[in-house]
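# Inside the fold
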Amino acid sequence: MAIARGYAATDASKPLTPFTFERREPNDDDVVIDIKFAGICHSDIHTVRNEWKNAVYPIVPGHEIAGVVKAVGSKVTKFKVGDHVGVGCFVDSCVGCASRDLDNEHYMPGLVQTYNSVDVDGTATQGGYSDSIVVKEGYVLAIPGNLPLDASAPLLCAGITLYSPLKHWNAGPGKKVAIVGMGGLGHMGVKIGAAMGADITVLSQTLSKKEDGLKLGAKDYYATSDASTFEKLAGTFDLIICTVSAEIDWNAYLGLLKVNGSMVVVGAPENAIPVHAFALIPGRKSLSGSMIGSIKETQEMLDFCGKHDIVSEIETINIQDVNEAYERVLKSDVRYRFVIDIASLAA
Ligand code: NAP
Ligand code: ZN
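Residues numbered from 1 in each chain as written. Chains lettered and ligands numbered in written order. Predicted model: local features only at pLDDT ≥ 70, side-chain atom pairs only at ≥ 80, totals over all residues. Heavy atoms only, no water.

## Side note on the environment of Pro154
The following threshold applies: Numbered from the N terminus, helices here are DSSP runs of H or I no shorter than four residues, and strands are runs of E no shorter than two. Note on classification: 1.4 Å probe, protein chains only; a residue is buried when its accessible area is under 20% of the maximum for its type, exposed when over 50%, partly exposed between these limits. For this analysis, residues touch if any pair of their heavy atoms sits within 4.5 Å.
Residue placement: Pro154 occurs in the loop between helix H2 (149-152) and helix H3 (158-168). Using a relative accessible area of 0% as the deciding quantity, one classes Pro154 as buried. When the C-alpha atoms of Pro154 and Gly88 are compared, they prove to be 8.9 Å apart, with 66 residues separating the residues in sequence. In this structure Pro154 touches Glu64, Gly159, Ser312, Ile314, Arg337 and Val339, once residues within four positions along its chain are discounted.

## A look at the nonpolar core
For clarity, the cut-off: In this text, buried Ala, Val, Leu, Ile, Met, Phe, Trp, Tyr and Cys residues form a nonpolar core when linked through side-chain atoms within 4.5 Å. Each domain's extent is set by a domain assignment, obtained either automatically or from a database.
Ile40, Tyr129, Leu166 and Ile192 are the most contacted members of the largest nonpolar core, which totals 83 residues. Each of domain 1 (2-157 + 293-305 + 312-346) and domain 2 (158-289) gives at least three residues to this core. Counting residues in hydrophobic clusters, the runner-up holds 18 residues, among them Ala178, Leu203, Leu254 and Met263.

## Comments concerning unusual backbone geometry
Going from Tyr57 to Pro58, the amide bond is cis rather than trans, its omega being 0°. On the secondary structure map, Pro58 appears in the loop between helix H1 (42-48) and strand S4 (65-72). Cis rather than trans, the peptide bond between Arg335 and Tyr336 has omega equal to -5°. Note that Tyr336 resides in the loop between helix H9 (322-330) and strand S17 (337-341). You will see that Asn50, though not glycine, has its phi angle at about 55°, which is positive. With respect to the helices and strands, Asn50 occurs in the loop between H1 and S4. Its identity as a non-glycine residue notwithstanding, Arg284 has a phi of 45°, on the positive side. Within the element layout of this structure, Arg284 appears in the loop between strand S14 (257-265) and strand S15 (286-289).

## Details of the domain arrangement of the chain
The condition that has to hold: Joining two parts hides part of their accessible area as seen by a 1.4 Å probe, and the buried area is that hidden amount summed over both. Here a salt bridge means any side-chain nitrogen of Lys or Arg lying within 4 Å of a carboxyl oxygen belonging to Asp or Glu. Polar contacts, as counted here, are pairs of nitrogen or oxygen atoms within 3.5 Å of one another; within protein the pair requires one atom able to donate a hydrogen and one able to accept it, and residues that are adjacent in sequence qualify only if both atoms are side-chain atoms. Residues are sorted three ways: Asp, Glu, Lys and Arg are charged, Ala, Val, Leu, Ile, Met, Phe, Trp, Tyr, Cys and Pro are nonpolar, and all the rest, Gly among them, are polar.
Structurally, the chain comprises domain 1 (2-157 + 293-305 + 312-346) and domain 2 (158-289). Domain 1 puts 23 residues into the contact, and the matching count from domain 2 is 26 residues. Each partner contributes to the roughly 2,000 Å² buried at the junction of domain 1 and domain 2, and carbon and sulfur atoms together form 54% of this total. When the buried surface of domain 1 facing domain 2 is broken down by residue, Cys157, Phe304 and Tyr336 rank first, second and third, together holding 29% of it. Counting across the domain 1 and domain 2 interface gives four salt bridges. Counting the contacts that link domain 1 with domain 2 gives 18 residue pairs in polar contact (both at pLDDT 80 or more). Mapped by element, the contributors of at least two residues to the side of domain 1 that touches domain 2 are H1 and helix H8 (295-308). Here the side of domain 1 that touches domain 2 gets six residues from one element, more than from any other, and that element is H8. Class assignment of the residues belonging to the side of domain 1 that touches domain 2 gives a composition of nine nonpolar, six polar and eight charged.

## A closer look at the coordination of the zinc ion (ligand 2)
Convention followed: Water is absent from the atoms considered, so a metal site may look incomplete; donors are defined as N, O and S atoms within 2.8 Å of the metal, or 3.2 Å for Na, K and Ca.
Each protein donor to the zinc ion (ligand 2) is listed here as Cys41 (SG), His63 (NE2) and Cys157 (SG); together their distances run 2.0 to 2.2 Å. All donors of the zinc ion (ligand 2) belong to a single chain; written as a sequence motif, their spacing is C-x21-H-x93-C. Here Cys41 is found in the loop between strand S3 (30-39) and H1, whereas its partner His63 is found in the loop between H1 and S4, with 22 residues between them in sequence. For the pair Cys41 and His63, a shared accessibility class is recorded, and that class is buried.

## Looking at the sheet that holds strand S11 (residues 199-204)
Rule in force here: Criterion used throughout: strands pair if DSSP finds at least two bridges between them. Lines fitted to C-alpha atoms define the axes, with helix axes restricted to the stretch in contact, and inter-axis angles between N-to-C directions lie between 0 and 180 degrees.
Ordered in space as S12-S11-S10-S13-S14-S15, the six strands form an open sheet in which the pairing is parallel. Edge positions in the sheet fall to strand S12 (220-223) and S15, since each of these pairs with one other strand and no more. Within this sheet the neighbouring strands show an average axis-to-axis angle of 20°, counted without direction. Sheet topology note: the strand S10 (residues 176-180)/strand S13 (residues 237-242) ladder contains four bridges and is parallel. Note that in S13 the partner of Ile179 across the bridge is Ile241. Running at roughly 160° to S13, H3 makes contact with S10, S13 and S14 of the sheet. Where helix H4 (residues 184-195) meets the sheet, it contacts S10 and S11, and its direction lies at approximately 165° from that of S11.

Next comes the structure, spelled out in structure tokens:
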């Protein structure tokens, strides 16, 4: 077994600290990846702080992984040594199913998450804040050659989490789409939604990131701290995608939908939020959720981003600064995704 080095959380209230662990022995259908960059997703913070009440410590977080293939098993056909590859939020699925549903595997029981899950060999999966990972070929993604590895890492979660609902709810020319929250997920929604041809509006707490939002492709940008925003924009949107990691008044946002409009929740706050029946009934509105995307759709998203030259806006950090980065994410002080340079582990 190969020894991996990384950073782990050992408790909900303690900072991440250096951690050495074993990666499983590669099988003939596995790809061994030298991790070069790992994005910091807000889900990493929810998980290690046990806000979703499912943490099993120690946890090496990180499910926005970009790296280079170091070795391949004898049955691997899609990848070779030196390829630029990514790993997202899951590394196996449908373990007990006879066939793999390529469109919905991420919604099936048996999903093995990249960290805080149980791997094929019965050991705990550990994520990308580390120098290597062993992943079945079917769960490895090809990163287009024209995209830089560092800024591509966040596509593996933030990118697909917005691409999937934008596509499912037919964002495109003539569709008015609001993205709530201009963070890691939100800014990818602006870029991808604009590239799909939709008319994008950002709804952010303040106007402090307005210039960036418009530069990334939004047509409009409003502050939700200004109560008049909710009057001005009432009945405006076909689709609202909410990326907010905290509790907000979904009833107020539902008022911004057109008749038959849909609000899709991707942000996952710790606590429940009450929704009023009359926020939905008049106007036949829908409130839905969406979670990442299948491997098939994630590859489609990466190819779309390659074609449109879309990557994340990143701030690269050394792994020693990960705890400070977490605090800055919590203060919405990130433009727009922290990416850990894994080479800093050697420092
Ligand atoms: P992030 O970078 O922290 O972005 C969240 C944004 O929400 C912030 O930038 C901020 O935007 C806004 N926000 C934060 N606190 C707020 C508050 N109290 N009121 C109103 N707005 C607030 O986080 P992220 O990595 O994009 O993740 C966002 C959420 O999505 C997290 O809950 C994460 O766990 C979840 N997630 C879900 C999936 C999925 O598959 N469904 C995948 C990945 C992540 P402004 O400053 O513009 O207001
Ligand atoms: Zn994520």
